[in-house]
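Spelled out from the first residue to the last, the chains are:
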Amino acid sequence: MPSLAEQLNKIVDKTERLIELCAALQEENDLLKLESEALTVALNASKAKTKELEEKLKVVKVAKAFSETNEKTVDIKQKINDFVQEIDKCIVLLKK
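What you are looking at is a predicted structure, and each value in this text was computed from that prediction instead of being measured. (Residues numbered from 1 in each chain as written. Predicted model: local features only at pLDDT ≥ 70, side-chain atom pairs only at ≥ 80, totals over all residues. Heavy atoms only, no water.)

### Structural notes on the overall build of the chain
Reasoning step 1: The secondary structure content of the chain amounts to one helix and zero strands.
Reasoning step 2: Expected size for 96 residues packed as a compact globule is a radius of gyration near 12 Å; at 41 Å, the chain overshoots this value by more than 25%.
Reasoning step 3: Projected onto the principal axes, the alpha-carbon positions of the chain cover approximately 135 × 20 × 5 Å.
Reasoning step 4: When each of the 96 residues of the chain is scored for burial, the buried share is 0%.
Reasoning step 5: Carbon together with sulfur atoms contributes 65% to the accessible area of the chain, which is approximately 9200 Å² in total. (Helix = DSSP H or I, 4+ residues; strand = E, 2+ residues; numbered from the N terminus. Rg over C-alpha atoms; globule rule 2.2 N^0.38 Å. Buried < 20%, exposed > 50% of the residue type's maximum accessible area, 1.4 Å probe, protein only. Areas by Shrake-Rupley, 256 points an atom, 1.4 Å probe, with all protein chains shown as cover.)

### Brief notes about the environment of Ala65
Reasoning step 1: With respect to the helices, strands and loops of the structure, Ala65 is situated in helix H1 (residues 4–95).
Reasoning step 2: When the C-alpha positions of Ala65 and Leu4 are compared, they lie 89 Å apart, and in sequence the two are 61 residues distant.

### Comments concerning the pattern of salt bridges
Reasoning step 1: A full pass over the atoms with the stated rule returns three salt bridges.
Reasoning step 2: Here Lys89 makes a salt bridge to Glu86, at a shortest N to O gap of 4.0 Å. Here Glu86 and Lys89 lie together in helix H1, a separation of three residues that amounts to about one turn. (Salt bridge = Lys/Arg side-chain N within 4 Å of Asp/Glu carboxyl O.)

### Observations regarding the UniProt feature "coiled-coil region" (unreviewed entry) in the chain
Reasoning step 1: Following the UniProt record, one finds the feature "coiled-coil region" (unreviewed entry) at residues 8–42.
Reasoning step 2: The straight-line gap between the two end C-alpha atoms of residues 8–42 is 51 Å; of that span, 100% is helix and 0% is strand. (UniProt positions renumbered as here; feature names shortened; annotations may be inferred.)

### Quick notes on a nonpolar patch on the surface
Reasoning step 1: A surface patch of nonpolar side chains, amounting to about 270 Å² of accessible area, comprises Leu8, Ile11 and Val12.
Reasoning step 2: Structurally, Leu8 is set in helix H1. (Patch = residues over 30% accessible without salt bridge, like charges linked within 9 Å, V, L, I, M, F, W, Y side chains within 5 Å.)

### Some remarks on the environment of Leu21
Reasoning step 1: Take Leu21: it is sitting in helix H1.
Reasoning step 2: The spacing of Leu21 and Ile11 is 10 residues in sequence and 15 Å in space, taken between C-alpha atoms.

Laid out in structure tokens, this is it:
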């Protein structure tokens with residue numbers, strides 16, 4: 001049977017190892033907390049960038065729709081002008 005001093009030395013050794021392990025785990029925990037904070041900041045930045053890009057996309061879609069509407073309006077006006085000219089020609093021919 002081991003002596004009381006040997007048992008006490010084993011307990012002290014195991015306690016020191018537990019303290020070292022605890023310190024290592026605490027350091028790892030601190031590093032993981034820092035990494036988590038960095039990832040949270042990056043995520044928030046990504047969300048902000050996504051929101052900004054979505055807003056730009058909405059503006060582009062509205063501008064495109066407006067542009068298409070203007071092109072359609074110009075096309076319609078041109079067609080109306082062409083019809084009016086044809087009608088004028090017909091009126092001139094009818095008067096002769």
